[in-house]
Amino acid sequence: MNSPGQLLATFGARHGSDKGFHRYLEVYASYLDARRESVRQVLEIGVKAGASLKMWRDYFPLAQIHGLDIDPACNRNYGERISVVTGSQDAPASFADMP
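Following the sequence through the fold, His66 ends up in strand E2 (residues 64-69). On the accessibility criterion, His66 (7% relative accessible area) is buried. Taking the C-alpha atoms as reference points, His66 and Glu44, 22 residues apart in sequence, are found 6.2 Å from one another. Discounting chain neighbours no more than four positions away, the residues touching His66 are Gln41, Val42, Leu43, Glu44, Leu53, Ser83, Met98 and Pro99.

Written as structure tokens, this is what we have:
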């Protein structure tokens, strides 16, 4: 049996997410492992290079992954089931632009 967080840590390492370095993945997995198959929408605020978007896509096999970032350069194609909107977390209109 996999230890808690092992799958999420594997996906994080595969895509180069910094969340493993900061040890967030262990905490996230403790809440999310049992819900992997039921999650349908994920929002990542702060996209940077998109590594965490890809990690979430692989971890949640049935979810649409949404990203929000103030940097327009982050609004690009990260692959299937991932969309990114340029905007700020403190601007409600940014969320209205999400699919």
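One pass over the full model with this rule turns up three salt bridges. When the shortest N-O distance is used, the salt bridge between Glu44 and Lys19 registers 2.8 Å. With Glu44 in strand E1 (residues 41-45) and Lys19 in the loop between helix H1 (6-15) and helix H2 (24-32), the pair connects residues that are 25 residues apart, well separated along the chain. Among the salt bridges present, the one from Arg57 reaches Asp58, with a minimum N-O distance of 3.2 Å. When salt bridges with common partners are traced through the structure, they connect Arg14, Arg57 and Asp58 into a single cluster.

There is a patch of nonpolar side chains on the surface, built from Leu43, Ile45 and Phe95 and spanning about 240 Å² of accessible area. Take Ile45: its relative accessible area is 42%, and that puts it in the partly exposed class.

So, about the packing of aromatic side chains. Following the criterion strictly, the structure yields five aromatic pairs and no others. Arranged with centres 5.7 Å apart and planes meeting at 45°, the rings of Tyr28 and Trp56 form a pair that is tilted. A residue pair is termed long-range when its members are at least 10 positions apart, and Tyr28 in helix H2 and Trp56 in helix H3 (residues 51-59) qualify at 28 residues. Overall, the relative accessible area of 29% leaves Tyr28 in the partly exposed class. Under the relative-accessibility criterion, Trp56 is labelled buried at 5%. Taken together, the aromatic side chains of Tyr24, Tyr28, Trp56, Tyr59 and Phe60 make up a single cluster linked through ring pairs. Over the ring of Tyr59 we find Arg36, and its NZ or CZ is 5.1 Å from the ring centre.

Cut-off values and rules
One numbering rule holds for all chains: residues counted from 1, following each sequence as written. Per-residue local features of the predicted model are confined to residues with pLDDT of at least 70, and side-chain atom pairs are confined, for both listing and counting, to 80 or more; whole-chain, interface and lining totals are unaffected and use all residues. Remark: hydrogens and water are excluded; side-chain values derive from all non-hydrogen atoms of the structure. Runs of E in the DSSP output that reach at least two residues are strands. Runs of H or I that reach at least four are helices, and both are numbered from the N terminus. Burial classification: accessible surface area is computed with a 1.4 Å probe over protein chains only, and a residue below 20% of its type maximum counts as buried, one above 50% as exposed, and the rest as partly exposed. Pairs of residues are marked as contacts when any of their non-hydrogen atoms sit within 4.5 Å. One side-chain nitrogen of Lys or Arg within 4 Å of one carboxyl oxygen of Asp or Glu is enough to make a salt bridge. Any residue with relative accessible area above 30% and no salt bridge may belong to a patch, with like charges joined within 9 Å and the nonpolar Val, Leu, Ile, Met, Phe, Trp and Tyr side chains within 5 Å. Residue-level accessible areas treat just the shown protein chains as cover; the underlying method is Shrake-Rupley with a 1.4 Å probe. Stacked, tilted and edge-to-face are the three classes assigned to paired rings of Phe, Tyr and Trp, where Trp is represented by its six-membered ring and a pair needs centres within 6.5 Å; plane angles under 30 degrees give stacked, over 60 edge-to-face, the rest tilted. A ring has a charge above it when a Lys NZ or an Arg CZ is no more than 6 Å from the ring centre and no more than 35 degrees off the ring normal.

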